[in-house]
Amino acid sequence: MKLTVTLPNHSYDLTIEKGLLANIGQWAKELWLPQKIVIITDTNVQPLYGDQVKESLKEAGFDPSTFVIDAGEQSKRLSVAAEIYDFLADEGLTRSDGIIALGGGVVGDLAGFVASTYMRGLHFLQVPTTLLAQVDSSIGGKTAVNTTKAKNLVGTFAQPDGVLIDPDTLTTLEVRRVREGIAEIIKSAAIADETLWQQLDALKDEHDLLTHATEIIAACCKIKRTVVEADELDNGVRLLLNFGHTIGHALENTAGYGILTHGEGVAIGMSQITRIAEEKTLTPAGTTEQLNDMIQKFHLPITSEHWNKEELYTALTHDKKTRGGQINIILLESIGKAKIVRIPIEEMKSYLD
């Protein structure tokens, strides 16, 4: 299946197909001329797919090399980006060469950031191997690294030349990483797709979801594509994709990167902001119960032992959605429909109770 992301200055395809990773060389050859390629991956993915990908690229006429980062959110920082810059220079990459991000959201964000900033921009491809990256982070051109102040504080908008999604890679994921991706699927359904919500509602658990992975991934990609095409630079409707993320990102930061997964933070954030919005009568009564039932069915949390209101509020003041003393938050109008609400940043304290 192919879905085209159509943007004013750069369009590209999302290709969703089981077994496609084995033919990555031919896929890349349809997009790029023979050139040097640096594969950026991590210590989890390299043993599983690194050699296969490198060999396929060689057979297709490319000159590939590999840079392996430590798996985990703690690698998504400027010091690691600097190490990759040095590696690219040592390998002699020029602006006619490219980068492939092979891994989950951390690899995709970091590799995209490096590609968009080295020599003021190399072209790159996204090859997401986790459910989270396949349904969300590999699509739309957001790249970033974290700082001690906030998650994704330093970044760029840079679209890839293509996204290869092979659902077969999900068979090697540990269950916690599957659940992490499910949090983003729940988010997508909650904000934009009541039909997808009903489909999720009919599933028994995360194992049942994986048997329907291709169609669910495609549904999420369609939602993401629609929003990105309407608002590439995240100034309008694309903000809807941040449902649960404002509090979730702050919680990831204050707990310590890697303690909570991104999906766990988002699940807690969705539950928390919806509960308070319901108390304020900004969201219909009963919505929180529906949302919590879905989150907990897939064994995701709705609360955290790492909750510290003052620390969370401090982290929120560095959120990218904060502008001029105000912040945009995302609230549910109903399951399948969301709205953007602009509030004074001080009011966020009430959403942390």
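- The name that an unreviewed UniProt entry assigns to the protein is 3-dehydroquinate synthase, with the source organism given as Candidatus Enterococcus ikei.
- According to UniProt, the comment filed for the protein under the heading Sequence similarities (unreviewed entry) is "Belongs to the sugar phosphate cyclases superfamily. Dehydroquinate synthase family."
- Reading the Subcellular location (unreviewed entry) entry of the UniProt record for the protein gives the comment "Cytoplasm".

**As for the UniProt feature "binding site: Zn(2+)" (unreviewed entry) in the protein**
Argument step 1. If you check UniProt for "binding site: Zn(2+)" (unreviewed entry), the listed places come out as Glu 184, His 245 and His 262 in our numbering. Look at the named residues: they lie 79 residues apart in sequence, but the longest C-alpha span between them is just 9.9 Å, so in the fold they bunch up.
Argument step 2. With respect to the helices and strands, His 245 occurs in helix 10 (residues 245-255).
Argument step 3. A relative accessible area of 5% means that His 245 is categorised as buried.
Argument step 4. If sequence neighbours within four positions are ignored, His 245 has contacts with Glu 184, Lys 187, His 262 and Val 266.

**Remarks on helix 9 (residues 213-230)**
Argument step 1. Along its 18 residues, helix 9 runs 26 Å from first to last C-alpha, staying within 8% of the 26 Å computed at 1.5 Å per residue.
Argument step 2. Those residues of helix 9 lying buried are Ala 213, Ile 216, Ile 217, Ala 218, Ala 219, Cys 220, Cys 221, Ile 223, Lys 224, Val 227 and Val 228.

**Brief notes about the sheet that holds strand 12 (residues 337-344)**
Argument step 1. With antiparallel pairing, three strands are arranged side by side in an open sheet as 10-11-12. Whereas interior strands pair on both sides, the edge strands pair on one side only; in this sheet they are strand 10 (322-323) and strand 12.
Argument step 2. Inspection of the sheet shows strand 10 paired to strand 11 (residues 326-334) by two bridges, in the antiparallel sense. From the neighbouring strand, Arg 323 faces strand 11, where its bridge partner is Gln 326.

**Remarks on the pattern of salt bridges**
Argument step 1. Taken as a whole and assessed by the stated rule, the structure comprises 13 salt bridges.
Argument step 2. Of the charged contacts in the structure, one is a salt bridge between Glu 73 and Lys 76, with a shortest N-O distance of 3.6 Å. Residue Glu 73 shares its accessibility class with Lys 76, and that shared class is buried.
Argument step 3. One salt bridge connects Asp 353 with Lys 309, and the closest N-O pair in it is separated by 2.4 Å. Placement of Asp 353 in the segment after strand 12 and of Lys 309 in helix 13 (residues 309-316) is noted, with a sequence separation of 44 residues between them.
Argument step 4. The network of salt bridges with shared partners includes Glu 73, Lys 76, Asp 109, Lys 151 and Glu 252.

Cut-offs used in this document
- Residues numbered from 1 in each chain as written.
- Predicted model: local features only at pLDDT ≥ 70, side-chain atom pairs only at ≥ 80, totals over all residues.
- Heavy atoms only, no water.
- UniProt positions renumbered as here; feature names shortened; annotations may be inferred.
- Helix = DSSP H or I, 4+ residues; strand = E, 2+ residues; numbered from the N terminus.
- Buried < 20%, exposed > 50% of the residue type's maximum accessible area, 1.4 Å probe, protein only.
- Contact = heavy atoms within 4.5 Å.
- Expected span 1.5 Å × (residues − 1).
- Pairing = 2+ DSSP bridges.
- Salt bridge = Lys/Arg side-chain N within 4 Å of Asp/Glu carboxyl O.

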